[in-house]
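What follows is each chain in one-letter form.
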Amino acid sequence: MTELKKYQMYINGEWVESASGEYFDSYNPATGEAWCQVAKGNAEDVDRAVQSAHNAFLHSGWVNMTFTERGRLVRKLGELIAEHAEELAEVETLDNGKLIREMRGQVKYLPEFFYYYAGLADKIHGRTLPIDKNDMFAFTSKEPLGVVAAITPWNSPLYLTTLKLAPALIAGNTIVIKPSEMTSASLLELVKLVEKAGFPPGVVNVVTGFGMPVGDSLTSHPLVRRIAFTGGSESARHIVRNSAQNFAQVSLELGGKSPNIVFEDANPDNAAMGIIAGIFGASGQSCVAGSRAFLHVDIYDKVMQKLVDRVSQIKIGDPFQNETEMGPLATQAQLERVEKYVSIGLDEGGKLVHGGKRPKQLEKGWYFEPTIFEHTDNKSRITKEEIFGPVLSVIPFKDEAEVIQLANSTDYGLAAGIWVSDIAKAHRVAKAIRAGIVWVNTYRSISPIAAIGGSGLSGYGREGGYEAIHEYMQDKVVWINT
Ligand code: NAD
């Protein structure tokens, strides 16, 4: 048997073994077979990485580097990502199962995030305070926080790390990243580019391994000043409890149960295509997946027919083939979770109108058919709980007030889509929906300028946009007696 490729961890500017010397397997979701091994970190490795980040914060010259120089390094990293886009896309497809054409589009766009934050480098500044005492002068300055811990999930490793890495660095922090144990490889490839860009040793570190003990010891480490977490609610609760030990600041990007609302005056073709892209893109494994579609009764049959017609043509298969439209789920556990929710949906009276099982022709790999349920109301567990898979719940509604109440009847508050022609209605409903992002006549549009984040069970804090800079900085007020 050929030996699998091995990935080490990156600490203090060096590729190193874990303290235990152990590795764990990472799997190709398209075949269900191990394709590489990743160093299995522990608390000792975390301490080494945090100490090196702390040391770099205090002594490497990183904090006192001019903003222009820091901006140049962050921009350089973006340029290197653009140069190595194809390799990065291929590794993430291999490790996570996301379509290669989707990954190519995503990695082509990633450098824009680094360029955006590099461009903000010399625009971060404090202000003078108009103190009402003649002999006093005061001003504020913006300072970095120190060591940032970034913890990411398996569904979009490169993108979700970029959202943390670029603003944290531009603000002058140092960082320890813990990628998901399911998908560490593409981030480790990106970190090779961090090394190439010439960041001082210790500014960026990666410890690979499992939530317990790596994520746990990282989020309870006394030298960590900020925790940027993307993942599930249970891990988030644990992390918030850990953060209380040292009062590290926390931002949480968690799950969603996002609605797509289609009013009677919407363009039915655009709405159907938007709903499909919103829920079946990345096989539904997206925090903003539009997993609930509310269709006005006057347009219900038309949109439903279009949904079923198009979904029945979706080509499922090898994520490396250009014509494939839906790849596998990223992990076996995720496949089993989706199957469990489909059976709950059936038990609770949902009508299965499409999919609901593994495709017959694909014996190997963790594939699942795009699945559509019809419900008469919003009460089933599958209309309330995040499935994180290709399962759409379709629910009818009669008027604006009713659909606002239905859309908001979830503990999540991340994203929403509205399909409508009446612009006044678009504004009213966008205002009334509890969500951090509302898309009108579009879905899943992203830009480095536009922040994402939610409320309720979807977490708190914002990533992306100008807002993210403030998540990684603190204000100092200086008083001068003249
Ligand atoms: P998860 O919470 O199981 O794991 C996320 C990360 O946390 C992993 O790196 C994991 O090792 C680590 N972790 C697990 N337990 C931990 C602990 N006790 N202490 C510290 N770290 C720990 O989530 P997942 O299954 O990898 O990801 C799926 C979830 O992520 C979904 O709920 C999804 O909605 C959410 N998500 C949110 C966004 C967003 O931007 N809002 C984006 C993508 C995914």
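Refer to the preceding data block for the structure.
Parameters and conventions
- Per chain, residues are indexed from 1 in the order of the written sequence.
- Thresholds applied to this predicted model are a pLDDT of at least 70 for local features of residues and 80 or more for the giving and counting of side-chain atom pairs; totals over whole chains, interfaces and linings are not thresholded and use all residues.
- The rule for pairing is simple: two strands pair if DSSP sees at least two bridges between them.
- Secondary structure elements follow DSSP: runs of H or I no shorter than four residues count as helices, runs of E no shorter than two count as strands, and numbering proceeds from the N terminus.
- Angular values range over 0 to 180 degrees, each being the angle between N-to-C directions of two axes fitted as lines to C-alpha atoms, with helices fitted over their stretch in contact.
- Residue proximity rests on one test: whether the C-beta atom, placed from the backbone, lies within 6 Å of the molecule or strand.
- By the convention adopted, Pro, Cys, Tyr, Trp, Phe, Met, Ile, Leu, Val and Ala count as nonpolar, Lys, Arg, Asp and Glu as charged, and the other residues, Gly among them, as polar.
- In these notes, a nonpolar core means any group of buried Ala, Val, Leu, Ile, Met, Phe, Trp, Tyr and Cys residues linked to one another through C-beta atoms within 7 Å.
- Every C-beta atom is placed from the backbone, and the number of other C-beta atoms within 10 Å of a residue's own sets its class: buried at 20 or more, exposed at 12 or fewer, partly exposed in between.
- Residue pairs qualify as contacts under a 7 Å threshold applied to their C-beta atoms, which are placed from the backbone.

Asker: Tell me about the sheet that holds strand β4 (residues 23-28), residues and numbers included.
Answerer: Note: strands within a sheet are paired through backbone hydrogen bonds, in either parallel or antiparallel orientation. Pairing is mixed in the open sheet, where three strands are placed in the order β1-β5-β4. Unpaired on one side and paired on the other, β1 (5-7) and β4 mark the two borders of the sheet. Strand-to-strand twist in this sheet, taken as the mean axis angle between neighbours without regard to direction, amounts to 35°. Note: β4 against strand β5 (residues 33-39), six bridges, orientation antiparallel. Counterpart to Ser26 in the pairing with β5 is Cys36.

Asker: Describe the site of the ligand, naming the residues involved and giving the relevant values.
Answerer: Taken together, the neighbourhood of the ligand is formed by 30 residues, with Pro153, Gly211, Gly215, Gly231 and Cys287 sitting nearest. No other element matches helix α7 (residues 211-219), which puts five residues into the shell around the ligand. For the shell around the ligand, the residue count by class is twelve nonpolar, 13 polar and five charged.

Asker: Requested: an account of the nonpolar core, with residues and values cited.
Answerer: A general trend in soluble globular proteins is that nonpolar side chains are found buried together. Membership of the largest hydrophobic core comes to 74 residues, with the highest contact counts inside it found for Val74, Tyr117, Val148, Ile170, Ile175 and Val176. If one sorts the elements of this core by residue count, helix α4 (residues 100-120) sits on top with ten residues. Sequence-distant contacts of Ile175, defined by excluding residues within four places in its chain, comprise Ala53, Val148, Ala150, Leu165, Ala168, Leu169, Val204 and Asn205. Listed in part, the 59 residues of the second largest apolar core include Phe263, Val420, Val429 and Trp439.

Asker: Can you lay out the environment of Phe57 for me, pointing to particular residues and giving the numbers?
Answerer: The residue Phe57 is located in helix α1 (residues 43-59) in this model. Residues Phe57 and Val353 lie 296 residues apart in sequence; the distance between their C-alpha atoms is 56 Å. Dropping the residues within four chain positions of it, Phe57 is found in contact with Trp62, Val63, Gly146, Val147 and Thr174.

Everything listed here is a matter of coordinates, which is why it stays silent on function.
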